[in-house]
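A look at the structure
Next come the chains, spelled out residue by residue.
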Amino acid sequence: MTRNVIELEHVSKEFDARGVKVLALDTIDLAVAPEEFVALVGPSGCGKSTVLNLVAGLLPPTSGAVRYDGAPVQGANRRVGYMTQKDTLLPWRTVEDNIGIALELKCRAVPARERRERVQAMMDFVGLTGFARHYPGELSGGMRKRAALARMLIYEPETFLLDEPFGALDAQLKLIMHQELLRMTRARRLTVVFVTHDLAEAITLADRVAVFTARPGKIRAVRQIPFGRERDAVHLRFLPEFGALHEELWDELKDEVGKGTET
Amino acid sequence: MTTAPSRDRSGLLILAGQVLVILLVLAAWYFASGTLVKKFILSDPISVAQTIAAWIRDGSLWQHLVVTLQTLLFGYGIGAVCGIAAGLAFGVFPRVDSVVSPYIVAIYALPKIALLPLFVILLGIGIASKVALVAVVVFFILLFSTRDGVRDVDADLGAVLRLMGAGQMEINRKVLIPATLPWVYTGLRVATGYALTTTVVGEALSSNRGLGFLIESSSVRFDSAGVFAAIVVVVALSFLITGVLGRFEAASSRWRS
């Protein structure tokens, strides 16, 4: 029996919004096994992103325990790569300097020449060839997302926390990125927690899908997705099992969507 | 290709307009002096030019200009360095800020020129008292703009780097300082105007050298042309400083376009 990489035990998180207490997460229990891909689906404002912030150590839980690799998460969790929903590219750095920033840090100190090569390869990979010298302010929303993804992929963290990473991409590019993400999770034996509001995307990618309720966020249902890691992101959606799972999870999700639209 | 010549032409038109405006003002001034207003009170442009030429010939303009530039340079430099350092400290350590800021705000509210007599007693009538005054004025402007800049930095930018394994020094160098820089530039630009004003006023009030002294001493001699001549030199100086600073700022924040 293997130890879980991520464990949330009776975790609640309360925010103080100008004197009003808002309960974002209500006694959540969630465990993610090594090399598992878990998708969190739910209406907006249901606390899915808060789960990622807790695992990354950027927020402490109000009550309950958050553990990573058996140890409580205290302060920034440097073993995860986190792609936030918000744009966090540095606006004064060019695209190439943004993507390569993790390799500049003292803890890696990759030589400039190798850094340039890896940045170039990563830019080709996410489809940003030719935009090396552009500033983030000169890119479209989808291109900024790809740059942020590249910035995280380049330093190869063991666990990915992804908050709607492909939300702003067009359908074709999204499919390609899905295939690449699946390939990468296999090749690098990654553990992934993936937040999305797109149920089909969750089923396409994940080993397990957790459906959240509207605020205060609780886990309403968890389903195992039986397609394995060697799946084909493009053709999966035409399988009858895919349709059945989508139907089943949508039944859980649809009651919550109407409730949780206020943010 | 087709827009370039037309842009050149509109640029030329604007320049021609600008020259026309200054010529009209000078002409109006020339004809008003001695007709509408006594020459004794309002000198004419030609006398002003002659006065400046005379100052250049006898070397007195250069003497006064050097004193004013020295005051400006030292006062501005000392004030800016101390102000940026204090602003960074206040921004990074909010506790320090909350303890000290009531006093800072109280001193800031004081019209700084009121400190000049104090500085003259402490440091004498020479350049040092004016340097101190300019430094105080510049210090507060840079303190507040730098502190607000540090506070405005998006905490998420630092958090992303921390997750990548960056230490605090690396976050300071790669996020905090570049993100604060535009605020510092704004402070520096605003401070140049105040520094020049303070220098000239300080020299006019209590000094025996400098462009401000030149204005004041011409005035007490009822030398209208001398007053205008000194003012023209101050305007030219201010124009030059603003231009140089603008170039520098534009070059260093290209990403904001």
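Reading the values: the criteria
- Residues numbered from 1 in each chain as written.
- Chains lettered and ligands numbered in written order.
- Predicted model: local features only at pLDDT ≥ 70, side-chain atom pairs only at ≥ 80, totals over all residues.
- Helix = DSSP H or I, 4+ residues; strand = E, 2+ residues; numbered from the N terminus.
- Rg over C-alpha atoms; globule rule 2.2 N^0.38 Å.
- Buried ≥ 20, exposed ≤ 12 C-beta atoms within 10 Å, placed from the backbone.
- Contact = placed C-beta atoms within 7 Å.
- Pairing = 2+ DSSP bridges.
- Axes fitted to C-alpha atoms, helices over the stretch in contact; angles between N-to-C directions.
- Nonpolar A, V, L, I, M, F, W, Y, C, P; charged D, E, K, R; others polar.
- pLDDT = per-residue confidence, 0-100.
- Core = buried A, V, L, I, M, F, W, Y, C linked by C-beta atoms within 7 Å.
- Expected span 1.5 Å × (residues − 1).
- Parallel < 35°, antiparallel > 145°, perpendicular 65-115°, else oblique.
- Left-handed = near helix turned anticlockwise from the far one by under 90°.

Attention shifts here to the overall build of chain A. The helix and strand tally for chain A stands at eight helices and 10 strands. Since a compact globule built from 263 residues should have a radius of gyration of about 18 Å, the 19 Å found for chain A is in line with a globular shape. Among the 263 residues that make up chain A, the fraction classed as buried is 43%. Within chain A, residue pairs in contact and separated by at least 24 positions form 71% of the contacts whose partners lie at least 6 positions apart.

To continue, consider the overall build of chain B. Of regular secondary structure, chain B possesses 10 helices and zero strands. Starting at the N terminus, the α and β elements of chain B follow one another as α-α-α-α-α-α-α-α-α-α. For chain B, whose C-alpha radius of gyration is 23 Å, the value lies well above the compact-globule estimate of 18 Å for 257 residues. Taking the principal axes of its C-alpha atoms as reference, chain B extends roughly 75 × 65 × 30 Å. Expressed as a percentage of its 257 residues, the buried residues of chain B come to 35%.

Moving on: the sheet that holds strand E10 (residues 219-224) of chain A. All names here are of chain A. Sheet architecture is open: six strands sit in the order E6-E7-E8-E3-E9-E10, paired in mixed fashion. The open sheet has two edge strands with one neighbour each: strand E6 (80-83) and E10. In this sheet, neighbouring strand axes are inclined to one another by 15° on average, regardless of whether the strands run parallel or antiparallel. With four bridges joining them, E6 and strand E7 (residues 159-163) adopt parallel strand pairing. Each bridged residue has a counterpart across the sheet, and for Gly81 the counterpart in E7 is Phe160.

Looking now at the interface of chain B and chain A. Each partner contributes to the interface: chain B provides 15 residues, whereas chain A provides 21 residues. Among the elements of the structure, helix H7 (155-163) and helix H8 (168-205) of chain B are those that each provide at least two residues to the side of chain B that touches chain A. Element by element, the count of residues in the side of chain B that touches chain A is highest for H7 of chain B, at six residues. Broken down by class, the residue content of the side of chain B that touches chain A amounts to nine nonpolar, two polar and four charged.

Here the focus is the confidence of the model for chain B. Looking at chain B, the pLDDT average stands at 89 and 96% of residues meet or exceed 70. Taken over the whole predicted complex, pTM reads 0.76, whereas the ipTM for its chain interfaces reads 0.83.

Val55, Ala150, Val193, Phe194, Ala206 and Val209 of chain A together with Val138 of chain B are the most contacted members of the largest nonpolar core, which totals 128 residues. The element best represented in this core is helix H6 (residues 127-152) of chain B, accounting for 16 residues.

Where the residue is not glycine, phi is negative for most of them; where a peptide bond is considered, it is trans in most cases. All names here are of chain A. Positive phi, normally seen in glycine, also occurs at Arg18, with a value near 45°. Here Arg18 shows up in the loop between strand E1 (6-17) and strand E2 (20-32). Positive phi, close to 50°, is recorded for Glu156, a residue that is not glycine. If you trace the backbone, Glu156 turns up in the loop between helix H5 (141-153) and E7. Judged by the 11 C-beta atoms lying within 10 Å of it, Glu156 falls in the exposed class.

As a further point, take the pairing of strand E8 (residues 191-196) of chain A. On a regular strand, one side chain projects to one face of the sheet and the next to the other, so that they alternate. Residue and element names in this part refer to chain A. The buried fraction of E8 amounts to six of the six residues, a majority that puts the element mostly inside the structure. Residues of E8 alternate between two faces, with Thr191, Val193 and Val195 on one and Val192, Phe194 and Thr196 on the opposite face, all of them buried. Pairing analysis gives five bridges linking strand E3 (residues 37-41) to E8, with the strands arranged parallel. Across the sheet, residue Val38 finds its bridge partner in E8, namely Val193. In terms of strand pairing, E7 meets E8 through five bridges, oriented parallel.

Attention now goes to the environment of Arg79 of chain A. All names here are of chain A. By secondary structure assignment, the location of Arg79 is in the loop between strand E5 (71-72) and E6. Of the residues examined, Arg79 has 16 C-beta atoms within 10 Å and is grouped as partly exposed. With sequence-adjacent residues up to four places away left out, Arg79 is seen in contact with Tyr68, Pro157, Glu158 and Thr159.

Here we take up H5 of chain A. Residues and elements named next belong to chain A. Taking 1.5 Å as the rise per residue, H5 with 13 residues should run 18 Å; its terminal C-alpha atoms sit 18 Å apart, in good agreement. Here H5 lies mainly inside the structure; 10 of its 13 residues are buried. The inward-facing, buried residues of H5 abut E6, helix H2 (95-99), helix H3 (101-104) and helix H4 (112-125).

All right, on to the sheet that holds E5 of chain A then. Residues and elements named next belong to chain A. One open sheet holds the four strands; their spatial order is E2-E1-E4-E5, and the pairing between them is antiparallel. The sheet terminates laterally at E2 and E5, the two strands that pair on one side only. Note that E1 and strand E4 (residues 63-68) share five bridges and pair antiparallel. Each bridged residue has a counterpart across the sheet, and for Leu8 the counterpart in E4 is Val66. Those strands touched by helix H1 (residues 48-56) are E1, E2 and E4, and its axis lies near 115° from that of E1.

Turning next to the packing of H7 of chain B against H8 of chain B. All names here are of chain B. The N-to-C vectors of H7 and H8 enclose an angle of 160°; their axes lie 10 Å apart at closest approach. In terms of their interaxial angle, H7 and H8 are classed as roughly antiparallel. For H7 against H8, the interelement crossing comes out right-handed. Listed contacts from H8 to Leu157, Gly158, Leu161 and Arg162 of H7 are Glu170, Ile171, Lys174, Val175 and Ala179.

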